[in-house]
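# Coordinate analysis (summary)
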Amino acid sequence: MTQATDAGRARARELILEFGWNATAYQLLNPGIALWFSGEGDAVVGYMTHRRTRVVGGAPVCAPARLAAVAAEFAEDAHATGDDVCYFGAGDRLEAVYAHRPDWSRVLLGAQPIWNPLHWATAIGRRRSLRGQFNRARNKGVAVTEWPPVKAENDPSLRGCLAEWLASRNLPPLHFMVEPETLGQLHDRRVFVAAIGDAVVGFTVLSPVPGRNGWLVEQIVRGSNAPNGTAELLIDSSMRAIADSGATYATLGLSPLSQRAGIMPPPQPMWLRFLLRWLRLHGSRFYNFIGLDSFKSKFNPESWEPIYGIAEGQRFPASALYAIAGVFSDGAPLRLVMQSVLRAAATEATAFLQRIIRRGATRSWTQLHERRA
């Protein structure tokens, strides 16, 4: 049964706060995500539909012993309406349910870094460069404080910072599990704000992972005037704060295409292997996969968890990949690709012109110096 009512969202929140184990569990409450409840009312699945495929965020939220049964019930409900099922962002628990099912296929999407916040100071203590980043931000006057949700919700300075950050991205704003519009419904989230005096220069939003006594760093936002080291200082401050509250699990979320989990990927069709290889080699023009992975790794994670896509079919179907792109792009994957190409081209053209201008300025300065000599 699917509900989009306030009562349905309230019930989903209750289940997430009781059973939410996937790092993305709380994000099922984001705008636009449909909520399906099991017949017994003890489980919730958050999904969006594109081209007759229900794309599920993470995994069903329920007691561990009920996971396989709830997943089967959800698939049966989808088939009754002519839909297929695809999971995006599944962790080890759901992967184990489908690992030996010949009628389902899996793809390794990447990995997410894991820390025990109680060990955070030791983890970053090994990196002198990180301490340098923290000091750069502090020396510029950056201070990080936690804002209560009632203050942070729809605050104009945070919204202005978010708008600047979105405008700087090569990709247009995405939705589904990377929804940028979280400031209107913070509820159980925690918000840490970086400011210079009264001027907000960045913030981070953390969402709870109750089933693991932890938190997901859901957003790290930098304004156009944020000094170097602001993002690092935000992460450090939030990690220390959740450690003080007794949290024992934290993650910065999925690094797409990351191979740091150190496992052998499941068998994949040739077209998918080629696509993933191409994205690793050339995808940085549209999204800096390697840079994001390196940024997360520099905080010395204690481990990396593999993250999967799981879909119906002996081979991972192209239709599932297209559906995933559809829900992230608000139903327009081709438009997303074209906008990404145009933004990437504009960025490269600007960088090229800046190099030409710098070379010209350097040449003029050299010629002027030679004349004076």
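Check the entry above for the structure.
None of the values given here were measured: they were computed from a predicted structure. Residue numbers here run from 1 along each chain, matching the order of that chain's written sequence. Under the rules for a predicted model, residues below a pLDDT of 70 receive no local features and side-chain atom pairs below 80 are neither given nor counted, while totals for whole chains, interfaces and linings still include all residues. To obtain the side-chain values, all non-hydrogen atoms of the structure were included, while hydrogens and water were left out.

Tallying secondary structure elements over the protein chain gives twelve helices and 13 strands in all. Taking all 373 residues of the protein chain together, 49% fall into the buried category. Accessible surface, the protein chain as shown: approximately 18000 Å² in total, 56% of it carbon and sulfur. Helix and strand assignments come from DSSP, with helices taken as H or I runs of at least 4 residues and strands as E runs of at least 2, each series counted from the N terminus. Exposure is judged per residue with a 1.4 Å probe applied to protein chains only, and the accessible area is read against the type maximum: over 50% gives exposed, under 20% gives buried, and values in between give partly exposed. Computed with a 1.4 Å probe, the accessible areas rest on the Shrake-Rupley method; for each residue, only the protein chains presented here act as cover.

Once that is clear, we can look at the packing of aromatic side chains. Ring pairs (aromatic) are described by centroid distance and by the angle formed between their planes. A pair of aromatic rings is counted whenever rings of Phe, Tyr or Trp (Trp by its six-membered ring) have centres within 6.5 Å, and the orientation is called stacked for planes under 30 degrees apart, edge-to-face for over 60 and tilted otherwise. Evaluation of the coordinates by the stated rule reveals nine aromatic pairs. With a centroid separation of 6.4 Å and an interplanar angle of 40 degrees, the aromatic rings of Tyr-87 and Trp-104 are classed as tilted. One end of the pair, Tyr-87, is in strand S5 (residues 84-90); the other, Trp-104, is in strand S6 (residues 104-115), with 17 residues separating them in the sequence. Each of the two residues, Tyr-87 as well as Trp-104, counts as buried. Between the aromatic rings of Trp-115 and Trp-120, the centroid separation amounts to 5.7 Å while the plane-to-plane angle is 70 degrees, which identifies the pairing as edge-to-face. A connected cluster of aromatic rings, assembled from ring pairs, spans Trp-115, Trp-120, Phe-295 and Phe-299. Only lysine NZ and arginine CZ atoms are considered, and such an atom sits over a ring when it is within 6 Å of the ring centre and within 35 degrees of the ring normal. If you follow Lys-151 out to its NZ or CZ, it ends over the ring of Trp-147, 4.2 Å from the centre. Over the aromatic face of Trp-215 sits the side chain of Arg-190, whose NZ or CZ is 5.7 Å from the ring centroid.

The next thing to look at is the packing of helix H5 (residues 128-139) against helix H8 (residues 230-244). Running from N to C, H5 and H8 cross one another at 105 degrees; their axes reach a closest spacing of 8 Å. Our classification of the angle between H5 and H8 gives roughly perpendicular. Along the contact surface, H5 presents Leu-130, Gln-133, Phe-134, Ala-137 and Arg-138, while H8 presents Thr-230, Glu-232, Leu-233 and Asp-236. Here the contact of H5 with H8 is composed, by residue class, of four nonpolar, two polar and three charged. As a rule, the C-alpha atoms of each element are fitted with a line to give its axis, helices using only the stretch in contact, and angles between N-to-C directions run from 0 to 180 degrees. Oblique is the label for every angle not falling under 35 degrees (roughly parallel), over 145 degrees (roughly antiparallel), or within 65 to 115 degrees (roughly perpendicular). Whether two residues touch is decided by their heavy atoms; if any such pair falls within 4.5 Å, the residues are in contact. Amino acids are sorted into nonpolar (Ala, Val, Leu, Ile, Met, Phe, Trp, Tyr, Cys and Pro), charged (Asp, Glu, Lys and Arg) and polar (every other residue, Gly among them).

Further remarks concern a positive patch on the surface. Each patch is built from residues that are more than 30% exposed by relative accessible area and take part in no salt bridge. Like charges join if they lie within 9 Å; nonpolar side chains (Val, Leu, Ile, Met, Phe, Trp, Tyr) join within 5 Å. Criterion for a salt bridge: a side-chain nitrogen of Lys or Arg within 4 Å of a carboxyl oxygen of Asp or Glu. His is not counted here, nor are the chain ends, while Lys and Arg score as positive and Asp and Glu score as negative. By convention, the point assigned to a charge is CZ for Arg, NZ for Lys, CD for Glu and CG for Asp. Together, Arg-273, Arg-277, Arg-280 and Arg-315 make up a region of like positive charge exposed at the surface. If you trace the backbone, Arg-277 turns up in helix H9 (residues 270-282).

The tendency in soluble globular proteins is for nonpolar side chains to be buried side by side. Put simply, buried Ala, Val, Leu, Ile, Met, Phe, Trp, Tyr and Cys residues joined by side-chain atoms within 4.5 Å make one nonpolar core. Phe-88 and Phe-176 are the most contacted members of the largest nonpolar core, which totals 32 residues. Going through the elements one at a time, helix H1 (6-19), strand S2 (34-37), strand S3 (44-50), S5, S6, H9, strand S13 (303-312) and helix H11 (318-328) are the ones with two or more residues in this core. Examining the composition of this core, we find that five residues originate from one element, H11, more than from any other. When neighbours within four sequence positions are excluded, Phe-88 is seen to be in contact with Val-55, Val-56, Gly-57, Gly-58, Leu-109, Phe-176, Met-177, Leu-254, Tyr-308, Ile-324 and Phe-328. Counting 27 residues, the second largest nonpolar core, distinct from the first, contains Ile-124, Ala-137, Ala-231 and Ala-241.

The next subject is the pairing of S5. In terms of burial, S5 is largely enclosed, as six of its seven residues are buried. In this description, strands pair whenever DSSP reports at least two bridges between them. Bridge count between strand S4 (residues 53-57) and S5: five bridges; the pairing is parallel. Within the sheet, the bridge partner assigned to Val-56 lies in S5 and is Tyr-87.

The topology assignment puts Glu-232 in helix H8. Accessibility expressed as a relative area gives 6% for Glu-232, which makes it buried. For this analysis, a polar contact is any N or O atom pair within 3.5 Å, provided that within protein one partner can donate a hydrogen and the other can accept it, and provided that sequence-adjacent residues contribute only side-chain to side-chain pairs. A distance of 3.2 Å separates polar atoms of two side chains, one belonging to Glu-232 and the other to Gln-133. Each residue touching Glu-232, except ones within four places of it in the same chain, is listed here: Leu-130, Gln-133, Phe-134, Phe-295, Lys-298 and Phe-299.

On inspection of all chains with the given rule, the structure shows 16 salt bridges. Residue Glu-40 is joined to Arg-66 by a salt bridge in which the shortest nitrogen-to-oxygen separation is 3.9 Å. With Glu-40 in the loop between S2 and S3 and Arg-66 in the loop between S4 and helix H2 (67-80), the pair connects residues that are 26 residues apart, well separated along the chain. For Glu-40, a relative accessible area of 61% corresponds to the exposed category. Salt bridges sharing partners connect three or more residues here, namely Arg-52, Arg-54, Asp-77 and Asp-83.

Let us now look at unusual backbone geometry. With the exception of glycine, the majority of residues adopt a negative phi angle, and the majority of peptide bonds are in the trans configuration. Positive phi values are uncommon outside glycine, yet Arg-52 reaches one of about 70 degrees. If you trace the backbone, Arg-52 turns up in the loop between S3 and S4. Overall, Arg-52 belongs to the partly exposed group, its relative accessible area being 47%. Notably, Asn-213 is not glycine yet its phi reads approximately 50 degrees, a positive angle. On the secondary structure map, Asn-213 appears in the loop between strand S9 (199-209) and strand S10 (214-222).

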